[in-house]
Protein chains: 2
Amino acid sequence: MKIIEDARAPNPRRLRIFLAEKGIKIEYEQLDITEFDHKKPEFAELNPLRRVPVLVLDDGTAISESVAICRYFEELQPEPALMGVGPEGRARTEMWQRRMELNLLYPVAQTFRHLHPAMKELEQPQVAAWGEANRPRVLNMLTLLDDELSHRPFVAGEEFTIADITAMVAVDFMKPAKIERPGNSPSLDRWYASVSSRPSATA
Amino acid sequence: MKIIEDARAPNPRRLRIFLAEKGIKIEYEQLDITEFDHKKPEFAELNPLRRVPVLVLDDGTAISESVAICRYFEELQPEPALMGVGPEGRARTEMWQRRMELNLLYPVAQTFRHLHPAMKELEQPQVAAWGEANRPRVLNMLTLLDDELSHRPFVAGEEFTIADITAMVAVDFMKPAKIERPGNSPSLDRWYASVSSRPSATA
């Protein structure tokens, strides 16, 4: 079993943190997105959508999409539970995971991809107005998240979950995307200090 | 238990088809997005992101995000399995569900939201160049899907799953988005004829 990734990209980082929290060790193989390694035909055989990370099982089966790979490992090794416990807990965790992915990580990524000069070749066409339109969405979501985190320690509830991983990776990705963290968000700041000091954060 | 939705929107339709396939009957309550019902404060208490559908449990707990609601019902009533069987099957189904959502339904929705005059007030700002940039993504994904479906009956494998639901809803949403289906895609056409003739398609 191995994971093919570019360790600098945010989605591979989500998976590495997830596996570190579970204490699962696995072989990693690097490819270089900036050298267009993911555009090569041999990689398309593993993921026709040409994204990283990809998990390759011993029989050659390839699974892509970070959250799908996380679920595979959650099923193989349920403890510690990172995707919720019980039908309602798992639904709530998935709800928050998706909110963090679609309404925080995704708009941060769109700001980066459509405004950063380094993405000129990888994101075609770059639409600057779309990049700009995503900036306030990020800040709105962080304001909402600050309010939510005033009621509970972690994004989806009382326990650290995949929703915290996605949210932390999104917040860190704001730096290359050149989006400033909002001031006066004490609950968000308390949560960020807590999750970013876990050993898994540097995985 | 009840589901709050606007029956005309694509995400509520995903959930209705999912529940119809499971034979689960549930109360629906309509709100009108075009009248901005989802912007009212009482709805924000159920979903601060103000999207439909929302599942409201008998104790008042609200779960939003279509796929999270689907997972809740998949856990309550596992048969027929619509999210895969076994760790590898569930990972593969989630991978294809996500591919269909993020690379087919989402770009169709972006084309609609950023180019359709009816969305002028709901999507602010409308960025026409971003709408146009999504059109070829839809067609590329359908070409890839046609190729995949030449190897198996359904999107994620031998069985009908949530990935087929998301893909069918996306294909149908191309009509209001004014994107033409590609010609010469026999496997896609065969699959579409099969899934759209299931009784659940009209749920």
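From a predicted model like this one, the values you see are computed outputs, not experimental measurements.

1. Quick word on the side chain of D164 of chain A
Looking at the element boundaries, D164 of chain A is found in helix 6 (residues 162–173). Those residues in contact with D164 of chain A that lie beyond four places of it in its chain are F154, V155, E159, W191 and V195 of chain A.

2. Some remarks on the relation of the copies chain B and chain A
The pair of chain copies shares a relation made of a rotation about an axis and a shift along it. The two copies are related by a screw motion: chain B maps onto chain A through a turn of 180 degrees and a shift of 0.0 Å along the axis, at an RMSD of 0.0 Å. Accordingly, the operation relating the two chain copies is best matched by a two-fold axis. Taking C-alpha positions as reference, the residue of chain B nearest the rotation axis is W130 of chain B, located at 3.2 Å. Both copies share a contact surface, since 100% of the interface residues of chain B are interface residues in chain A too.

3. Overview of the sheet that holds strand 1 (residues 2–5) of chain B
All names here are of chain B. One open sheet holds the four strands; their spatial order is 2-1-3-4, and the pairing between them is mixed. Of all the strands in the sheet, just strand 2 (27–30) and strand 4 (62–64) have a single pairing partner and so form its edges. Between one strand axis and the next, the sheet turns through 25 degrees on average, direction left out of account. Pairing between strand 3 (residues 54–56) and strand 4: three bridges, direction antiparallel. Counterpart to V54 in the pairing with strand 4 is S64. Helix-sheet contacts for helix 1 (residues 10–22) involve strand 1 and strand 2, and the interaxial angle to strand 1 is about 150 degrees. Packed on one face of the sheet, helix 3 (residues 66–76) meets strand 3 and strand 4 and runs near 120 degrees to strand 4.

4. As for the pairing of strand 2 (residues 27–30) of chain A
Consecutive side chains of a regular strand alternate in pointing toward one face of the sheet and then the other. Residues and elements named next belong to chain A. With four bridges joining them, strand 1 (residues 2–5) and strand 2 adopt parallel strand pairing. Bridge pairing in strand 2 links K2 to E27. Regarding the hand of the β-α-β motif, the stretch spanning strand 1, helix 1 (residues 10–22) and strand 2 is right-handed.

5. Observations concerning the pattern of salt bridges
Evaluated as defined, the whole model comprises 38 salt bridges over all chains. In this structure, D37 of chain A and K40 of chain A form a salt bridge, with 3.2 Å as the shortest nitrogen-oxygen distance. Given a relative accessible area of 39%, K40 of chain A falls into the partly exposed group. In this structure, a network of salt bridges that share partners links the residues R14, E65 and E101 of chain A together with R98 of chain B.

6. Re the interface of chain B and chain A
Counting from both sides, the interface comprises 42 residues of chain B and, opposite them, 42 residues of chain A. A buried area of about 3600 Å², summed over both sides, lies between chain B and chain A, and 57% of it is on carbon and sulfur atoms. In this structure, the connection of chain B to chain A is made through ten salt bridges. Measuring nitrogen to oxygen at the nearest pair gives 2.9 Å for the salt bridge that ties E65 of chain A to R98 of chain B. Summed over the shared surface of chain B and chain A, the number is 17 residue pairs in polar contact (both at pLDDT 80 or more). Elements with a contribution of two residues or more to the side of chain B that touches chain A: strand 4, helix 3, helix 4 (86–115) and helix 5 (128–148) of chain B.

7. Brief notes about helix 1 of chain A
Residues and elements named next belong to chain A. Its 13 residues place the ends of helix 1 19 Å apart at the C-alpha level, agreeing with the 18 Å of an ideal helix rising 1.5 Å per residue. Along helix 1, eleven of the 13 residues are buried, which leaves the element largely enclosed by surrounding structure. P10, P12, R13, R14, L15, R16, I17, F18, L19, E21 and K22 are the residues of helix 1 that are buried. Against strand 1, strand 2, helix 3 (66–76), helix 4 (86–115) and helix 6 lie the buried residues of helix 1. G23 lies just past helix 1 and shows a positive phi near 70 degrees.

8. Here's the deal with the domain arrangement of chain A
All names here are of chain A. Along its sequence, chain A is carved into domain 1 (2–76) and domain 2 (86–202). Taking only C-alpha atoms, the centre of domain 1 and the centre of domain 2 are 21 Å apart. Counting residues at the interface gives 14 residues for domain 1, matched by 17 residues for domain 2. For the pair domain 1 and domain 2, the summed buried area comes to about 1400 Å², and 65% of that belongs to carbon and sulfur atoms. For the domain 1 face of the interface with domain 2, the top three residues by lost area are R13, R14 and E21, together amounting to 42%. Remark: the boundary between domain 1 and domain 2 carries four salt bridges. At the junction of domain 1 with domain 2, the criterion picks out seven residue pairs in polar contact (both at pLDDT 80 or more).

Definitions and limits used
Residues numbered from 1 in each chain as written. Chains lettered and ligands numbered in written order. Predicted model: local features only at pLDDT ≥ 70, side-chain atom pairs only at ≥ 80, totals over all residues. Heavy atoms only, no water. Helix = DSSP H or I, 4+ residues; strand = E, 2+ residues; numbered from the N terminus. Contact = heavy atoms within 4.5 Å. Least-squares fit on C-alpha atoms with pLDDT ≥ 70 in both. Pairing = 2+ DSSP bridges. Axes fitted to C-alpha atoms, helices over the stretch in contact; angles between N-to-C directions. Right-handed = clockwise from strand over helix to strand, strands pointing away. Salt bridge = Lys/Arg side-chain N within 4 Å of Asp/Glu carboxyl O. Buried < 20%, exposed > 50% of the residue type's maximum accessible area, 1.4 Å probe, protein only. Buried area = accessible area lost by both parts, 1.4 Å probe. Polar contact = N/O pair within 3.5 Å; in protein donor to acceptor, adjacent residues only side chain to side chain. Expected span 1.5 Å × (residues − 1). Domains from an automatic or database assignment.

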